[in-house]
Amino acid sequence: MAIAVFPDGRWMVTGSYDKTLRLWDLKDGVVLKKMEGHSYIVETVAVSRDGRMIASGDVNGKVIAWHGETCKSLTQAIKVHSGVISSLDFSSDGTILATGSYDKTTELWSTQTWQVEGNPINCGACVNCVRFSPSGELLAIATDSDIGIWNPQTRECTAKFEAAINRGDNVSLTWTSSGTRLLSLGGSRDPMIREWDTSTWQQVGDPWSGHTDSIYALAMNSAGTLIASVSSDANVRLWQLSGQRAIAIFKASNEMYRATFSVDDRYILCGGKDNNITEWAVPEYDVLEDSPREQASDVISNLFLMPFAISSRARILYQWML
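**Student:** Run through the overall build of the protein chain, naming residues and quoting values.
**Tutor:** Within the protein chain, the secondary structure is distributed over one helix and 27 strands. Counting only residues that meet the buried cut, the protein chain has 58% of its 322 residues in that class. Counted over contacts in the protein chain with a minimum sequence separation of 6, partners at least 24 positions apart contribute 43%. In the structure as shown, the protein chain presents an accessible area of about 13,900 Å², 46% of it carried by carbon and sulfur atoms.

**Student:** Give me the nonpolar core: which residues, what numbers.
**Tutor:** Ranked by size, the top nonpolar core spans 18 residues in total, and within it L238, F261, I268 and C270 carry the most contacts. Elements with a contribution of two residues or more to this core: β21 (215-220), β22 (226-231), β23 (235-240), β24 (245-251), β25 (256-261) and β26 (267-272). Not counting the four nearest positions on each side in its chain, F261 is found in contact with A219, M220, N221, L226, I227, A228, L238, Y267, I268 and V282. By size, the runner-up hydrophobic cluster in this structure holds 15 residues, among which are A4, W11, V13 and V45.

**Student:** Provide a residue-level description of the side chain of E255, including the pertinent values.
**Tutor:** Mapped onto the secondary structure, E255 falls in the loop between β24 and β25. On the basis of relative accessible area, E255 is assigned to the buried category, the value being 14%. Within the structure, the side chain of E255 is placed 2.8 Å from the side chain of Y257, a separation counted as a polar contact.

**Student:** I'd like to hear about the sheet that holds β21, residue by residue, with values.
**Tutor:** Read across the sheet, four strands follow the order β21-β22-β23-β24 without closing on themselves; strand pairing throughout is antiparallel. Sheet topology places β21 and β24 at the edges, where each strand pairs with a single neighbour. In this sheet, neighbouring strand axes are inclined to one another by 20° on average, regardless of whether the strands run parallel or antiparallel. Summarising the sheet, β23 and β24 pair through six bridges and their orientation is antiparallel. Looking across to β24, one finds that Q240 is bridged to R245.

**Student:** Can you tell me about the sheet that holds strand β12 (residues 121-122), naming the residues and giving the values?
**Tutor:** Strand order in the open sheet made by the four strands is β9-β10-β11-β12, with antiparallel pairing throughout. Only two strands of the sheet have a single partner each, and these edge strands are β9 (85-90) and β12. One ladder, built from five bridges, connects β9 with strand β10 (residues 96-101); its direction is antiparallel. Following the sheet pairing, D89 is matched in β10 by A98.

**Student:** Account for the pattern of salt bridges, with residues named and values stated.
**Tutor:** Inspection of the entire model under this criterion finds 10 salt bridges. Note that D8 and R10 form a salt bridge whose closest N and O atoms lie 2.7 Å from each other. Among the residues examined, D8 registers a relative accessible area of 39% and is labelled partly exposed. Residue D190 is joined to R194 by a salt bridge in which the shortest nitrogen-to-oxygen separation is 2.6 Å.

**Student:** With reference to specific residues and values, describe the environment of L32.
**Tutor:** With respect to the element layout, L32 can be found in strand β4 (residues 30-36). In this view, L32 contacts W11, L23, W24 and D25; residues no more than four positions away in its chain are not counted.

**Student:** Describe the side chain of E195, with residues and values.
**Tutor:** Tracing the backbone through its elements, the reader meets E195 in strand β19 (residues 193-197). Here the side chain of E195 touches Q244 through a polar contact of 2.6 Å, side chain to side chain. Not counting the four nearest positions on each side in its chain, E195 is found in contact with R181, L182, L183, Q202, Q203, V204, W208, L241 and Q244.

**Student:** A description of the pairing of strand β6 (residues 53-58) should follow, citing residues and the corresponding values.
**Tutor:** Consecutive side chains of a regular strand alternate in pointing toward one face of the sheet and then the other. With six of six residues buried, β6 is to be regarded as a mostly interior element. Neither face of β6 is open: one carries M53, A55 and G57, the other I54, S56 and D58, and all of them are buried. In the sheet, strand β5 (residues 42-47) pairs with β6 via five bridges, with the strands oriented antiparallel. By the bridge assignment, V45 is partnered in β6 with S56. Between the antiparallel neighbours β5 and β6 lie five residues, among them G51 with a positive phi of about 75°. Pairing between β6 and strand β7 (residues 62-67): five bridges, direction antiparallel. Note that in β7 the partner of M53 across the bridge is H67.

Reading the values: rules and limits
Residues numbered from 1 in each chain as written. Predicted model: local features only at pLDDT ≥ 70, side-chain atom pairs only at ≥ 80, totals over all residues. Heavy atoms only, no water. Helix = DSSP H or I, 4+ residues; strand = E, 2+ residues; numbered from the N terminus. Buried < 20%, exposed > 50% of the residue type's maximum accessible area, 1.4 Å probe, protein only. Contact = heavy atoms within 4.5 Å. Areas by Shrake-Rupley, 256 points an atom, 1.4 Å probe, with all protein chains shown as cover. Core = buried A, V, L, I, M, F, W, Y, C linked by side-chain atoms within 4.5 Å. Polar contact = N/O pair within 3.5 Å; in protein donor to acceptor, adjacent residues only side chain to side chain. Pairing = 2+ DSSP bridges. Axes fitted to C-alpha atoms, helices over the stretch in contact; angles between N-to-C directions. Salt bridge = Lys/Arg side-chain N within 4 Å of Asp/Glu carboxyl O.

Structure representation (structure tokens):
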């Protein structure tokens, strides 16, 4: 259900329908730790920027904080929300944890005391994703109805806009490393990627089209030049950020829900409905300034190199909710 990679790229933590978290060695593909404490499906996980903390949220609205190295729990399961915790994110300095929920609120927690700071942010619709900007000065919140940009200190909403069309959901968000762009993902009624200028909150160019069903996640390489997107259409697309164009398409065996780049940016790791994490090789490519964005090199691959176990029902809950 959830994947988060540590900043140094050595480890990965996953959350599952089996109510556990597991810590993986990305070099050898083996489980290092099994983390138990949740009594319900683990819906989302996050790792702090320094790798010292892990947070996990479940479908019963409870969150647990874990030590990033020992994987021992720092807290008991804390009842945070009345609905599913759909998204977690640490601020850049690791002092605040944001929790977003289907109960239409976002809470901000002190990681020193594990107490709520201030009043909840009332978002007006089910929260699908919360993401701090790289500087930590802004918090972007994607809901079923809009995207809100909030000052986490003052709780002031500095911008709000509708991204998806046709009453589509705003599924997820990704900031570029510079903080000058925000990317938003659409659901099944609007399977597009949109790029937003964070100085004006105006859309940059046309939507990135190609997926035919809900886009569940984006991953960005360390250079901030390439983006991988995964969808329930069983395609993994590799995009060139500067040209807003797909440069490769990988045909998966089933729906894909999560993705990340390897630490050397040579591979894309994807998890999905086939119960495995699949490793795809990033192809060599040339940047062609006047190539049409629709032009993509069809890279068909089946590199089943890292058969990590993942939940066998790893999206039924989302499909039921939708």
